[in-house]
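Breakdown of the fold
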Amino acid sequence: MALNENQILNLLGDGNISDLSISSFESENELDYLLQQFEDDDYLGTVENDQLELANAVIFDESENVSEQTQIPESDVTENRTIGQYNIHDFPFIKKNEIQWTSTPFKNFEIKLRDLEITNHSIDILSPYQYFTKYFNDSFFESMAFHTNLYAVQNNVNNFQPTNAIEMRSLIAIQMMMGVLKYPRQEMYWQLKFRVNIIANTMTRNRFFSLRQHLHVINNLDIPRDNSDKFVKVRPLFDTLNSRCKQLSVERNISVDEQIVPFKGHLSIKQYMKGKPNPWGIKIFLLCGESGIVYNMMLYQGTATNIDKTLQKNFGLGGAVVLNLTQYLSANRHFLYFDNFFSSYNLFYALSKRKIYAAGTVRTNRFGNPPIISDKEILKLGRGTTYEITSPLGIGLVKWCDNKPIVMASNFITSGTPDVVKRWDKKNKRYIEVERPEIIKLYNKSMGGVDKHDQLVSYYRVFMKSKKWTLRMVSHVFDMAVSNSWLEYKQEAARINIPIKDQQDLLHFKITLVEELIMVGRCTPGKKRGRPSSSPCGSIADSRSPTPTAAGLSSKSLEFRPSESVSSDQIGHFPEIDKKKEATRCKAFKCKGKTHVFCTKCNIHLCFTKTSNCFSNYHEK
């Protein structure tokens, strides 16, 4: 029900709306929208700062108390330009000379958040291979093998043997292992002195370089002549990854930032970003959660970037990117953070209309030159000084002085409930206590999601020296999938209360994934290739050869057991009898028998007698 004249006067008398604020509106529509906020169940009125929780304002998760009026009203414009479920003309636009500010503190309001949308979880923890195949399944590798064979045929490549999905998986797995080991030259993995069995026994060196040279994911002849997509050759990879990312349950705290794929070769869309760990490379805009999981992404390619021109004109490149990446987010569920590259007055206003609560650093010239205290004046007042101003449309600016002044904006909180932090005073050479606004605390806590994901990718990035930017992008997209898979695994492990000490770290997760990508579905294990070695030390041991017992270690601690995904894939597990004089202990759980029977694929001994059939039981799912 609309507010009557007396109710409006009461609001003016309470100080919730000033007469100066009302007079600043150019149209009745903006005033109607502001008054509507006081009718909406999601705005409970103002509260005192000391009543705010130290978390993101005061949060209620009772979804039954939340108003269903969260959709932006339909626009009268009938043009067919849309972003997600919203027409681009539904987003408000305020000119710089129309932006109004008042020198009053921002009025914090209580926020009723809806419960997060939770996807179906598995009952048990999955294997690394099962997490990874949610991003790239067997059908995708079959498509990759088809287009690789097609490219070889189109270019009349001599002596190229057709590949298949299993070999494509092995190629990607070998590159992952190279990222873990990081030999300075890739040929060293096949050399006698530095040989790595899981690589050398899976694929010959010449086959590896041949497959990598002809690797394709599309048919080049299908590229239209007027193509403007500069990522067309790798677009299916990123679309497949992104489609899975959009299916994940989005966290409460999320952030938008840039990621750089390291590349210094010749490329028109190559970017330079000062201050990044790898300043030269290809830019990707990511929407990540506080944990580092990627939920959406956008490849940047200059003017050819897939962004609506009208949207970019009104909100700038950064604002248009944020609106595109957050187009599938539900109202009243998330807190969003970004830096001053993306921030603008119209972006905060548009997000507030969609009930996405945002905060970030800003450039004041994008906010209509607000009447905020200068850097020189706030530095004189000392560290911990805070100055606030407020816009009638529900946007607050706060300037805080620490080592240097910083300006932040938000549509839900500014100073909030300040806390006290310790800072080192160079002049007095001691720690001092500095009061910090709540918006700074929340921003520092939740802004680093993209940086965390970038850090995880950088630990074991696929090592590659190549002038082909497509190969670099192919390797990067699989690195992103591994990092996301591991973060999913960590969330599932925490959900079912697996102790941290029993959880796999990223290194062991990736090594296990490499083994499973190579072995799952393979009929026979990798064979020893090449002529027998004439070395006096004997022939080169393959992956099935027993490992010599190291000094100080028991043979039991060096036993190799395949992962469950390999042992239960029901393919290529055949029994053979060894030629040892003495039988070997059975590796089945709680079995104390000894046997000469071993599995040719798993390379472990298992009982196969009249009284026990550990061989069959071990390979059951």
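In this report, the structure presented in the accompanying data block is examined.

Calculation notes
Residues numbered from 1 in each chain as written. Predicted model: local features only at pLDDT ≥ 70, side-chain atom pairs only at ≥ 80, totals over all residues. Heavy atoms only, no water. Phe/Tyr/Trp six-rings, centres within 6.5 Å; stacked < 30°, edge-to-face > 60°. Helix = DSSP H or I, 4+ residues; strand = E, 2+ residues; numbered from the N terminus. Buried < 20%, exposed > 50% of the residue type's maximum accessible area, 1.4 Å probe, protein only. Lys NZ or Arg CZ within 6 Å of the ring centre and 35° of its normal. Contact = heavy atoms within 4.5 Å. Core = buried A, V, L, I, M, F, W, Y, C linked by side-chain atoms within 4.5 Å. 1 Å grid on protein atoms, 1.4 Å probe; cavity = no way out; pocket = protein on both sides within 12 Å on 5 of 7 lines; lining within 4 Å. Points joined across faces, edges and corners; volume = space filled by probe spheres on them. Nonpolar A, V, L, I, M, F, W, Y, C, P; charged D, E, K, R; others polar. Pairing = 2+ DSSP bridges. Right-handed = clockwise from strand over helix to strand, strands pointing away. Axes fitted to C-alpha atoms, helices over the stretch in contact; angles between N-to-C directions. Parallel < 35°, antiparallel > 145°, perpendicular 65-115°, else oblique. Left-handed = near helix turned anticlockwise from the far one by under 90°. Salt bridge = Lys/Arg side-chain N within 4 Å of Asp/Glu carboxyl O. Arc of directions from axis to C-beta.

Points about the packing of aromatic side chains
Across all of its chains, the model carries 29 aromatic pairs by this definition. On the basis of an interplanar angle of 80° and a centroid distance of 5.8 Å, the ring pair of Phe231 and Trp469 is categorised as edge-to-face. Here Phe231 is found in the loop between helix 8 (205-214) and helix 9 (235-245), whereas its partner Trp469 is found in helix 15 (residues 469-495), with 238 residues between them in sequence. Here Trp424 and Tyr431 contribute two aromatic rings whose centre-to-centre distance is 5.1 Å and whose plane-to-plane angle is 75°, an arrangement assigned as edge-to-face. Owing to a relative accessible area of 42%, Trp424 belongs among the partly exposed residues under this scheme. Judged by relative accessible area, which is 56%, Tyr431 ranks as exposed. Taken together, the ring pairs connect Trp101, Phe338, Tyr345, Phe348 and Phe367 into an aromatic cluster. When the ring centre of Tyr135 is taken as origin, the NZ or CZ atom of Arg244, which lies over that ring, is 5.7 Å away. If you follow Lys283 out to its NZ or CZ, it ends over the ring of Tyr300, 5.0 Å from the centre.

Examining the side chain of Arg169
Here Arg169 is to be found in helix 6 (residues 165-181). Judged by its relative accessible area of 3%, Arg169 is buried. Setting aside residues up to four positions removed in sequence, Arg169 forms contacts with Tyr129, Asp138, Phe141, Glu516, Leu517, Val520 and Gly521.

Some thoughts on the nonpolar core
Counting residues in hydrophobic clusters, the biggest one holds 120 residues, and the most contacted among them are Phe132, Phe136, Leu237, Leu336, Phe338, Met473 and Phe478. By residue number, the principal contributor to this core is helix 15, which donates twelve residues. In contact with Phe136, other than residues within four places in its own chain, are Phe141, Leu237, Thr240, Leu241, Val477, Phe478 and Ala481. Listed in part, the 21 residues of the second largest apolar core include Tyr357, Ile413, Val421 and Met447.

Brief notes about empty space enclosed by the protein
Scanning all chains against the criterion turns up two cavities of 30 Å³ or more. Mapped onto the lining of the second largest cavity, the elements with two or more residues apiece are helix 14 (449-459), helix 15 and helix 16 (506-519). When residues of the lining of the second largest cavity are assigned to their parent elements, the largest contribution, three residues, is made by helix 15. Residue composition of the lining of the second largest cavity, by class: five nonpolar, one polar and three charged.

Structural notes on the pairing of strand 10 (residues 357-361)
A large share of strand 10 lies buried, amounting to five of its five residues. Every second residue of strand 10 is oriented toward a common face, with Tyr357, Ala359 and Thr361 on one face and Ala358 and Gly360 on the other, all of them buried. Where strand 9 (residues 335-338) meets strand 10, four bridges bridge the pair, whose relative direction is parallel. Note that in strand 10 the partner of Tyr337 across the bridge is Ala359. Traced from strand 9 through helix 11 (residues 345-353) to strand 10, the parallel crossover comes out right-handed. The pairing of strand 10 with strand 13 (residues 405-410) spans three bridges and is antiparallel.

Regarding the packing of helix 6 against helix 16
At a minimum axis distance of 8 Å, the contact between helix 6 and helix 16 shows a crossing angle of 155°. Here helix 6 is positioned roughly antiparallel relative to helix 16, judged by the angle of their axes. Both helix 6 and helix 16 take part in a crossing whose hand is left-handed. Of the residues in helix 16, those touching helix 6 at Arg169, Ser170, Ala173, Met176, Met177 and Val180 are Leu507, Lys510, Ile511, Leu513, Val514, Glu516, Leu517 and Ile518. Counted by class, the contact of helix 6 with helix 16 contains ten nonpolar, one polar and three charged residues.

A word on the pattern of salt bridges
One pass over the structure, following the stated rule, counts twelve salt bridges. Residue Glu488 is joined to Arg244 by a salt bridge in which the shortest nitrogen-to-oxygen separation is 2.9 Å. Here Glu488 is found in helix 15, whereas its partner Arg244 is found in helix 9, with 244 residues between them in sequence. We note a salt bridge from Glu290 to Lys445, for which the minimum N-O separation is 3.0 Å. Of this pair, Glu290 sits in the loop between strand 7 (280-289) and strand 8 (294-299) while Lys445 is found in helix 13 (residues 438-446), placing the two residues 155 residues apart along the sequence.

Examining the environment of Ala359
As for its placement among the helices and strands, Ala359 is situated in strand 10. On the accessibility criterion, Ala359 (1% relative accessible area) is buried. Sequence separation of Ala359 and Ile440 is 81 residues, and the distance between their C-alpha atoms is 9.2 Å. Residue contacts for Ala359: discarding those within four places in its chain leaves Leu336, Tyr337, Phe338, Phe348, Ala409, Ser410, Phe412, Ile439 and Tyr443.

Considerations on helix 14
When we look at burial in helix 14, the residues that qualify are Gly449, Val450, His453, Asp454, Leu456 and Val457. Buried residues of helix 14, viewed axially, fall in a sector of 160°; they line one side. The secondary structure elements touched by the buried residues of helix 14 are strand 5 (253-262), strand 7, strand 8, helix 13, helix 15 and helix 16.

Shape descriptors only; they carry no functional weight alone.
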